Structure formats: structure tokens, C-alpha cells
Amino acid sequence: MSEDAIKIAKNLLESDENYLDNVIALWRIGNEKYGQCWDTEYHVFGVIESETDHLPLKHVRPNCSADFLIKADEELAETIRYYRSDVANACRKIISSKNV
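The rules we used
- Residues numbered from 1 in each chain as written.
- Predicted model: local features only at pLDDT ≥ 70, side-chain atom pairs only at ≥ 80, totals over all residues.
- Heavy atoms only, no water.
- Helix = DSSP H or I, 4+ residues; strand = E, 2+ residues; numbered from the N terminus.
- Buried < 20%, exposed > 50% of the residue type's maximum accessible area, 1.4 Å probe, protein only.
- Contact = heavy atoms within 4.5 Å.
- Salt bridge = Lys/Arg side-chain N within 4 Å of Asp/Glu carboxyl O.
- 1 Å grid on protein atoms, 1.4 Å probe; cavity = no way out; pocket = protein on both sides within 12 Å on 5 of 7 lines; lining within 4 Å.
- Points joined across faces, edges and corners; volume = space filled by probe spheres on them.
- Nonpolar A, V, L, I, M, F, W, Y, C, P; charged D, E, K, R; others polar.

What about the environment of E49?
- By the element assignment, E49 lies in helix α3 (residues 43-51).
- Assessed through its relative accessible area of 16%, E49 is described here as buried.
- When the C-alpha positions of E49 and A25 are compared, they lie 9.8 Å apart, and in sequence the two are 24 residues distant.
- Filtering out sequence-adjacent residues up to four positions away, E49 remains in contact with V23, I24 and W27.

Structural notes on the environment of A9
- Along the chain, A9 turns up in helix α1 (residues 2-14).
- According to the relative accessible area criterion, A9 is buried, its value standing at 0%.
- Spatially, the C-alpha atoms of A9 and L26 are 7.7 Å apart, while their sequence positions differ by 17 residues.
- Residues in contact with A9, not counting those within four places in the same chain, are L26, C91, I94 and I95.

As for the pattern of salt bridges
- For the structure shown, the criterion picks out three salt bridges.
- Where K33 meets E41, a salt bridge forms, and the shortest distance between an N and an O atom there is 3.5 Å.
- By relative accessible area, K33 is classed as partly exposed at 23%.
- Two residues, D73 and R61, come together in a salt bridge whose shortest N-O distance is 2.8 Å. Taken together, the residues span a long stretch of sequence, with D73 in helix α4 (residues 66-96) and R61 in the loop between α3 and α4 at a distance of 12 residues.
- When its relative accessible area of 33% is taken as the criterion, D73 is described as partly exposed.
- On the basis of relative accessible area, R61 is assigned to the partly exposed category, the value being 28%.

Description of the layout of surface pockets
- If you add up the space inside the largest pocket, you get close to 180 Å³.
- In this structure, the largest pocket is lined by 14 residues; those nearest its centre are N18, Y19, L20, R61 and L76.
- Listing elements by their share of the lining of the largest pocket, those giving two or more residues are α2 (19-34) and α4.
- Ranked by residue count, the leading element in the lining of the largest pocket is α4, at four residues.
- Among the residues making up the lining of the largest pocket, the classes are represented as eight nonpolar, one polar and five charged.

Put into C-alpha cells, the structure is as follows:
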């Protein structure tokens, strides 16, 4: 689990590609590690998951209309901008943590 968390955190620091899928993966890892991610280094991923649970993940996108994807991508871009520093800080904590 720790290697996966570090890899995903590094991916989020390097690129916004598959952003939601990576956020969801870290949210799940945080929940597995702590029972729930709240008030941990994984907290921000739970917040983002909750706020974006209506947006399509990578595997769902082919089934969505072009109009819906445009709106979803605009909302996701706003979410990424809003949480960028919080996500970066959380990712750095995960990467540097000795007991991820």
C-alpha cells in the first residue's frame, strides 16, 4: 500500500492526468490505513472525492456525452486550481512519510 500511495502521490505532483482516479485511489488508501481519511494526510482527498463524486472517472468517460464532458472538465479544472496547494502538501507528506 505504501508504495502505491507514493507512486500515486508522485503522479499527482507531476501531472493532472487521471486526476480524479488518482485522488480516489489516495482517498481509498487513506481509508484503508486509518479506517477513515479524515484528519490525516489523506484528508484533502476525501474532501475532493466528496465534492466531485458526480464527475466521471476515466473508465466512465467513453459513455458520456460531449456536452457533459465539457462541463465536467471545467468543474474539474476549477477543483484542481482550488485544491492544488493542499494536494501538493498532502502528496509531499505521503512521499516523505516513513509509515505510509
